[in-house]
Amino acid sequence: MRSVFSFTLLIFLWITCLGRLYAQTMPDPVQKWSPDGQFQYKALGKSIVAVRLATGERTVVLKDIKPAGSSTALDIRDFSFAADQKKVLLFSNSKRVWRYETRGDYFVYDTVSKQVLQLGKSLPASSLMFAKFSPDGSRVAYVSNHNLYLETLATGEIKPLTTNGTRHFINGTFDWVYEEEMSCRDGFRWSPDGQAIAYWQLDANNTRDFLMIDNTDSLYSFTVPVEYPIAGQDPAAARIGVMNLASGNTTWMQLPGDPAQHYLPRMEWAPNGNKLIVQQLNRHQNESKIFLCDATNGNAHTVFTETDSAWVDIRASWDMDNSVGWDWLQQGKAFVWVSEKDGWRHAYRIGLDGKETLLTPGKYDLIKICKVDERGGHIYALASPENATQQYLYRIPLKGGAAVRLTPQNQPGTHDYVIDPYGDYAVHEFSNYYCPPASEYVHLPDHKSVKGEVAGMLKDAKKENSKVEFYQVTTPEGVTLDGWMSKPTNFDPNKKYPIVFYVYGEPASATAKDEYGAGHDFMYRGDMAADGYIYASMDNRGAPLPKGRAWRKAIYRHIGRLNIHDQAMGAKALLEKYAFIDSSRVAVWGWSGGGSSTLNLLFQFPEIYKTGIAVAAVGDLRTYDNIYQERYMGIPQETQADYIAGSAVHNARNLRGNLLYIHGTGDDNVHYTNAERLINELVKYNKQFQFMSYPNRSHGLSEGEGTYLHLFTLYTNYLREHCAPGAR
């Protein structure tokens with residue numbers, strides 16, 4: 001049991017600490033609500049269970065479904081019920097597409113006849129994506145190999161709806177960069193009457209391939225092409241069409257502008273049934289327009305426009321659990337949208353007539369919208385006005401008014417909620433720096449727990465055993481940074497200890513949050529505290545924290561400079577504040593964007609940071625994808641000097657300390673070219689360093705037998721050698 005717990009804890013800490021970089025699969029267990037909101041369905045291995053929210057009682061709804069001719073029951077990775085609840089769509093044999101396991105095999109199980117039908121049997125195995133029942137449950141639409149298909153359940157007829165799909169011409173799903181940076185994966189929507197399908201089409205024929213070299217899977221090396229638009233390259237031309245299923249004709253929405261100079265991150269059917277609502281971002285991502293489009297003729301008119309001197313956040317930034325759907329009000333006459341136009345992230349009611357009303361006034365940020373409950377007259381959202389390292393559930397009147405905290409005051413830390421369709425119950429998830437993750441069902445709005453799991457976990461947690469403490473430091477510019485540190489075992493304030501900083505530093509993630517895993521370096525093999533290390537982290541301006549628009553957008557065009565300056569000045573202030581930190585033994589490490597920050601900290605502030613370990617770093621900002629990098633740095637043809645100044649390769653000549661650099665040669669996210677560009681610069685200036693490449697490993701270095709053990713051992717040995725542990 002000990003080894004199982006340790007592995008589970010390791011995976012949790014991996015996810016917690018690495019934020020956006022890890023290779024995510026489908027959520028496990030998959031959870032869905034019953035139509036009446038009284039049950040939650042969960043996929044658990046080969047079964048689906050129903051949990052009665054009022055009592056927590058579990059009932060097995062379906063188990064051990066075996067396709068015809070198979071003796072093995074399906075491992076259920078995802079599922080959905082038809083509207084009449086008589087058929088279940090089961091997703092199995094899943095395979096990874098970039099970060100997510102979104103292709104596989106789909107089966108329809110008839111709960112009445114007990115028959116199992118495999119969909120798309122004439123198509124390649126494990127190639128189907130995003131299968132969905134028609135509203136009447138008689139047909140299923142899905143994507144395979146970049147084309148849309150329609151299958152009639154009664155006859156088994158499979159009809160291709162598009163036939164022009166290729167790796168570079170994509171129907172019903174998205175390319176690498178849309179998935180990575182816009183959270184776009186499922187690229188089609190059934191119309192409410194089931195007579196049409198709206199879908200995205202991306203023309204990536206002008207997107208150049210990045211060629212990864214595979215030297216290990218064959219005696220002869222071969223290239224693996226990935227369509228990957230780097231910063232400065234035009235996006236794939238995107239458009240949205242509505243296919244009439246009777247005629248097979250597609251009507252394209254007449255959105256203004258050059259399709260290769262904007263993005264279409266969100267599209268849904270409006271409640272009236274013959275219109276689409278579409279969000280369009282310009283190439284600079286500083287202007288967002290919401291269009292209402294007539295599905296019959298494609299005519300589009302603007303409902304809402306927002307601009308920002310930096311960038312406009314898309315819905316994935318404030319409604320992460322709801323990539324499909326739209327928060328409608330007043331029977332489709334208005335919707336809820338989020339904007340930072342008054343300096344804080346607030347919710348607005350936007351009417352289709354263009355009228356807007358602020359719903360959440362006050363000097364605080366919404367972190368995430370959990371539920372718009374029009375029936376109850378409230379918005380449920382996460383926020384934390386007093387402490388940016390934490391998050392809690394608040395209820396705000398849809399009429400506008402003060403936010404009321406629902407999360408109990410005696411549960412400090414980080415909370416998340418998934419709320420049922422009617423706003424009566426929620427799955428409540430919690431952890432803090434000394435309490436392991438706990439989950440429970442709670443009734444709303446009184447937040448009454450069904451079984452009291454969170455309170456029980458908190459009661460049993462030993463706060464006094466934690467070595468973690470939170471701190472704040474203020475830089476010479478007057479910027480206050482939040483952070484945590486974990487002190488060594490048997491700490492003596494009269495002695496001096498080495499410190500290891502964990503850093504990310506970019507707008508995609510924060511590291512110094514009050515959640516489980518804070519203070520734990522999952523890369524370190526052994527007991528870091530017992531070995532005599534201080535472990536610390538802090539968040540700079542630009543980190544996605546509830547500190548207002550100015551805090552988050554200060555980093556615009558300054559990645560690699562402002563974040564690095566904040567981190568360095570924060571570290572300097574910490575060293576001055578605490579005499580027990582040994583300034584001769586200061587190390588820093590990070591992964592992905594954190595690897596980039598590590599390099600820049602070593603190169604720009606060698607007088608502070610003596611040792612650095614950088615994993616999968618973007619060494620040259622010009623090599624990373626266009627959506628992410630242009631959002632935060634502008635288009636390089638216009639802001640080239642900012643890109644160069646913020647790139648680690650530009651300052652590599654300044655290395656004075658110890659550097660261990662690690663990269664996977666099969667990284668489709670931060671390409672291996674970053675490693676070689678950096679190596680060239682370091683060699684050019686005779687800078688000695690240690691380098692480890694992991695053959696054919698991706699961004700999370702998750703492939704290959706023994707990789708993690710080797711990686712963690714390498715990290716630990718290097719740290720011990722170059723930033724010696726223990727008090728002095």
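Keep in mind it's a predicted model, so treat the numbers as computed, not measured.

Draft legend 1. Structural view of the overall build of the chain. Scanning the chain from N- to C-terminus turns up 11 helices and 43 strands. Its C-alpha radius of gyration of 26 Å places the chain within 12% of the 27 Å reference for a compact globule of 728 residues. Projected onto the principal axes, the alpha-carbon positions of the chain cover approximately 75 × 60 × 60 Å. Carbon and sulfur atoms make up 49% of the accessible area of the chain, which amounts to about 28,900 Å² in all. The chain carries 75 positive and 79 negative side-chain charges, and their two centres are separated by 3 Å.

Draft legend 2. Highlighting the packing of aromatic side chains. Per the stated rule, a full pass over the model turns up 33 aromatic pairs. Centroid distance Y142 to Y149: 6.1 Å. Interplanar angle 20°. Geometry classified as stacked. Centre to centre, the rings of W311 and Y556 are 6.3 Å apart; their planes meet at 50°, and the pair counts as tilted. With a gap of 245 residues between them, W311 in the loop between β23 (300–307) and β24 (328–329) and Y556 in the loop between α4 (549–553) and α5 (562–577) connect regions that are remote in the sequence. For the pair W311 and Y556, one class covers both residues: buried. Through a chain of ring-to-ring contacts, three or more aromatic side chains come together here, namely Y502, F522, W589, Y708, F712 and Y715. Of note, K32 hangs over the ring of F79, and the distance from its end group to the ring centre comes to 4.9 Å. Across the ring face of W551, the terminal group of K547 is positioned such that the distance to the ring centre comes to 4.1 Å.

Draft legend 3. Up close: the environment of I230. In this structure, I230 sits in the loop between β17 (222–227) and β18 (237–244). Put simply, I230 and Y628 are 398 residues apart on the chain and 9.5 Å apart in space, counted from C-alpha to C-alpha. Leaving out residues up to four positions away in the same chain, I230 has contacts with R622, T623, Y624, D625 and N626.

Draft legend 4. Structural context of the domain arrangement of the chain. By domain assignment, the chain separates into domain 1 (31–156), domain 2 (164–326), domain 3 (364–466) and domain 4 (468–722). Domain 2 and domain 4 are separated by 33 Å when their C-alpha centres are compared. Between domain 2 and domain 4, roughly 2,600 Å² of surface is buried when both sides are summed, and carbon and sulfur atoms account for 53% of that area. There are 3 salt bridges connecting domain 2 and domain 4. Residue D308 is joined to K553 by a salt bridge in which the shortest nitrogen-to-oxygen separation is 3.3 Å. Our count for the domain 2 to domain 4 interface comes out at 19 residue pairs in polar contact (both at pLDDT 80 or more). Of all the secondary-structure elements, those providing two or more residues to the side of domain 2 that touches domain 4 are α2 (176–182) and β16 (209–214).

Draft legend 5. A look at the sheet that holds strand β32 (residues 414–419). The strand order across the open sheet formed by 4 strands is β32-β33-β34-β35, and the pairing between neighbours is antiparallel. Each end of this open sheet is capped by a strand with a single partner; those strands are β32 and β35 (448–449). Pairing geometry for strand β33 (residues 425–432) and strand β34 (residues 435–443), over 7 bridges, is antiparallel. Looking across to β34, one finds that N432 is bridged to C435. Lying on the sheet, helix α3 (residues 453–460) is in contact with β33, β34 and β35; it crosses β34 at an angle near 155°.

Draft legend 6. Representation of the pairing of strand β29 (residues 378–383) within the structure. With 6 of 6 residues buried, β29 is to be regarded as a mostly interior element. Residues of β29 alternate between two faces, with H378, Y380 and L382 on one and I379, A381 and A383 on the opposite face, all of them buried. Examined bridge by bridge, strand β28 (residues 366–373) and β29 share 6 bridges and lie antiparallel to one another. Residue pairing across strands places V372 opposite I379, the latter belonging to β29. Where β28 hands over to β29, the hairpin turn is made up of 4 residues, of which G377 adopts a positive phi near 80°. For β29 and strand β30 (residues 392–397), the ladder comprises 6 bridges, and the chain directions are antiparallel.

Draft legend 7. Structural view of the UniProt feature "domain: Peptidase S9 prolyl oligopeptidase catalytic" (unreviewed entry) in the chain. What UniProt calls "domain: Peptidase S9 prolyl oligopeptidase catalytic" (unreviewed entry) maps, in this numbering, to residues 528–722. The annotated region residues 528–722 carries 43% helix and 17% strand content, and the separation between its end C-alpha atoms amounts to 15 Å.

Draft legend 8. Representation of the nonpolar core within the structure. Residues Y178 and L276 are the most contacted members of the largest nonpolar core, which totals 51 residues. Built from parts of two domains, this core gets at least three residues from each of domain 2 (164–326) and domain 4 (468–722). In contact with Y178, not counting residues within four places along its chain, are S183, C184, L202, A238, H262, Y263, L264 and I627. Counting 48 residues, the second largest nonpolar core, distinct from the first, contains L574, V588, A617 and L655.

Draft legend 9. Local environment of the pattern of salt bridges. Counted by the stated rule, this structure contains 32 salt bridges. A salt bridge links R345 to D313, with the nearest nitrogen and oxygen atoms 3.3 Å apart. Of this pair, R345 sits in the loop between β25 (334–339) and β26 (346–351) while D313 sits in the loop between β23 and β24, and the two are 32 residues apart along the sequence. Both residues of the pair, R345 and D313, belong to the buried class. Residues K368 and D416 are paired through a salt bridge, measuring 2.8 Å at the closest nitrogen-oxygen approach. Highlighted residues: K368 in strand β28 and D416 in strand β32, separated in sequence by 48 residues. A residue is classified by how much of its surface remains accessible, and D416, at 23% relative accessible area, is partly exposed.

Draft legend 10. Summary view of the packing of helix α7 (residues 626–633) against helix α8 (residues 636–646). Look at α7 against α8: their axes get within 10 Å of each other, and the N-to-C directions meet at 75°. Between α7 and α8, the angle falls in the class roughly perpendicular. Contacts from Q629, E630 and M633 in α7 reach P636, T639, D642 and Y643 in α8. When the residues that make up the contact of α7 with α8 are grouped by side-chain class, the tally is 3 nonpolar, 2 polar and 2 charged.

Draft legend 11. Layout of the packing of α5 against helix α6 (residues 593–604). With their axes 10 Å apart at the nearest point, α5 and α6 run at an angle of 65° to one another. The angle between α5 and α6 falls in the class roughly perpendicular. Judged by the sense of rotation from one axis to the other, the crossing of α5 with α6 is right-handed. In contact with N563, I564, Q567 and A568 of α5, α6 contributes S597, N600, L601 and Q604. In terms of residue class, the contact of α5 with α6 is built from 3 nonpolar, 5 polar and no charged.

Basis of the calculations
- Residues numbered from 1 in each chain as written.
- Predicted model: local features only at pLDDT ≥ 70, side-chain atom pairs only at ≥ 80, totals over all residues.
- Heavy atoms only, no water.
- Helix = DSSP H or I, 4+ residues; strand = E, 2+ residues; numbered from the N terminus.
- Rg over C-alpha atoms; globule rule 2.2 N^0.38 Å.
- Areas by Shrake-Rupley, 256 points an atom, 1.4 Å probe, with all protein chains shown as cover.
- Lys, Arg positive; Asp, Glu negative; His and termini not counted.
- Charge placed at Lys NZ, Arg CZ, Asp CG, Glu CD.
- Phe/Tyr/Trp six-rings, centres within 6.5 Å; stacked < 30°, edge-to-face > 60°.
- Buried < 20%, exposed > 50% of the residue type's maximum accessible area, 1.4 Å probe, protein only.
- Lys NZ or Arg CZ within 6 Å of the ring centre and 35° of its normal.
- Contact = heavy atoms within 4.5 Å.
- Domains from an automatic or database assignment.
- Buried area = accessible area lost by both parts, 1.4 Å probe.
- Salt bridge = Lys/Arg side-chain N within 4 Å of Asp/Glu carboxyl O.
- Polar contact = N/O pair within 3.5 Å; in protein donor to acceptor, adjacent residues only side chain to side chain.
- Pairing = 2+ DSSP bridges.
- Axes fitted to C-alpha atoms, helices over the stretch in contact; angles between N-to-C directions.
- UniProt positions renumbered as here; feature names shortened; annotations may be inferred.
- Core = buried A, V, L, I, M, F, W, Y, C linked by side-chain atoms within 4.5 Å.
- Parallel < 35°, antiparallel > 145°, perpendicular 65-115°, else oblique.
- Nonpolar A, V, L, I, M, F, W, Y, C, P; charged D, E, K, R; others polar.
- Left-handed = near helix turned anticlockwise from the far one by under 90°.

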